[in-house]
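Residues per chain are reported as follows:
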Amino acid sequence: MLKLPQSSTDRKHFMIVGALVVVTTIILGFFLLAILPIKAQASVQAEPIRWLFQLHLWLIAFLFSLVVVFMLYSLLVFRRRKGDTSEGEHFEGNTVLEIVWTVVPLVLVVIFSVIGLRTLQQATSGGDDVQVEAVGFQWSWTFNYPNGVTSAEMVLPVDKPALISLRSNDVIHSFWVAEWGPKQDLVPGMTTTLHITPSKVGEFSLACAELCGLSHWSMLAKIRVVPEDEYTAWMDEKLAAQNLQTASR
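(A) Molecular detail of the pattern of salt bridges. If you walk through the whole model with that rule in mind, you get six salt bridges. Put simply, Glu 153 and Arg 224 hold a salt bridge, and the shortest N to O gap is 3.2 Å. On the criterion of sequence distance, the pair formed by Glu 153 in the loop between strand 3 (150-151) and strand 4 (154-157) and Arg 224 in strand 10 (residues 220-226) is long-range, its members being 71 residues apart. Look at Arg 224 and you get buried, because its relative accessible area is 15%. Lys 160 is paired through a salt bridge with Glu 228; the nearest N and O atoms lie 3.9 Å apart. Of this pair, Lys 160 sits in the loop between strand 4 and strand 5 (162-168) while Glu 228 sits in helix 4 (residues 228-247), and the two are 68 residues apart along the sequence. Among the ionic contacts, a cluster of salt bridges with common partners joins Glu 153, Lys 222, Arg 224 and Glu 230.

If you want it as structure tokens, here you go:
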């Protein structure tokens, strides 16, 4: 005797699908975190960006599981069996369900908007203990310090809030150090700013993240984050060398 599946309104089905959605979300969430690794966080501003990125991955895993698990379960459990010529189960719209799937996404959008605004505020704020101007041009960078020091590399002391002023000499460029998190455009005719508090000593690569012409790919510069005493020694050395060069002219 052919055994047909119970009604689609049976609560057992919803309990099974709910459990499958949870399991699939967990598996998919960890899978996404594994294949989309976030570079080592090397600034205070990078942490809230990392957290928001991971939160989005978990939301993606949940929404994907919610749709796909329901769909596959329905195709498998409520498929027409061999020899079954009866009409499919008749059902009409569910007002409560329609309200839920309208209100819940709206609430999620509002929540993530608030979280996004707070993250943006955290990622773009900071002090100005150290100040430096980064000038971008096709296809290189130069860095100017308030005391007159100019360098082809940026050197910053670790754990000191830095205010980086950004200026372009030609087209739009974008200042991005992957380990620091935030990006900021350089717009011709105006000065933009970026707050960064480096939290790790090391060498990092500055890249232009805005397509700016033929050699955009090569618009790189070295950034060194060093202990404060090493930063002071480097600054004194650069200042002495420039003063000597100026005196010899």
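That was the structure; now back to the text.
(B) Region of the structure containing the layout of surface pockets. Taken as a whole, the second largest pocket spans an internal volume of roughly 210 Å³. A total of four residues in the lining of the second largest pocket trace back to one element, the largest contributor, which is helix 2 (residues 46-77). Each residue belonging to the lining of the second largest pocket can be placed in one class, and the counts come to nine nonpolar, two polar and four charged. When residues are assigned to domains, the lining of the second largest pocket turns out to be shared by domain 1 (11-77 + 97-124) and domain 2 (130-248), each giving three or more.

(C) Focus on the pairing of strand 6 (residues 173-176). Pairing between strand 6 and strand 7 (residues 183-186): four bridges, direction antiparallel. Residue pairing for strand 7: Ser 174 is matched across the bridge by Asp 185. The hairpin formed by strand 6 and strand 7 contains six residues between the paired strands, and Gly 181 there has a positive phi angle of roughly 100 degrees. As paired strands, strand 6 and strand 9 (residues 202-208) are joined by two bridges and run antiparallel to one another. Within strand 9, the residue paired with Trp 176 across the bridge is Ala 207.

(D) Quick peek at the sheet that holds strand 2 (residues 140-144). Sheet architecture is open: five strands sit in the order 3-2-1-5-8, paired in mixed fashion. Two strands in the sheet have a free side with no partner beyond their single neighbour: strand 3 and strand 8 (192-196). Alignment of strand 1 (residues 130-137) against strand 2, held across five bridges, turns out to be antiparallel. Counted as the bridge partner of Glu 133 is Asn 144 from strand 2.

What counts, and where the lines are drawn
Residues numbered from 1 in each chain as written. Predicted model: local features only at pLDDT ≥ 70, side-chain atom pairs only at ≥ 80, totals over all residues. Heavy atoms only, no water. Salt bridge = Lys/Arg side-chain N within 4 Å of Asp/Glu carboxyl O. Helix = DSSP H or I, 4+ residues; strand = E, 2+ residues; numbered from the N terminus. Buried < 20%, exposed > 50% of the residue type's maximum accessible area, 1.4 Å probe, protein only. 1 Å grid on protein atoms, 1.4 Å probe; cavity = no way out; pocket = protein on both sides within 12 Å on 5 of 7 lines; lining within 4 Å. Points joined across faces, edges and corners; volume = space filled by probe spheres on them. Nonpolar A, V, L, I, M, F, W, Y, C, P; charged D, E, K, R; others polar. Domains from an automatic or database assignment. Pairing = 2+ DSSP bridges.

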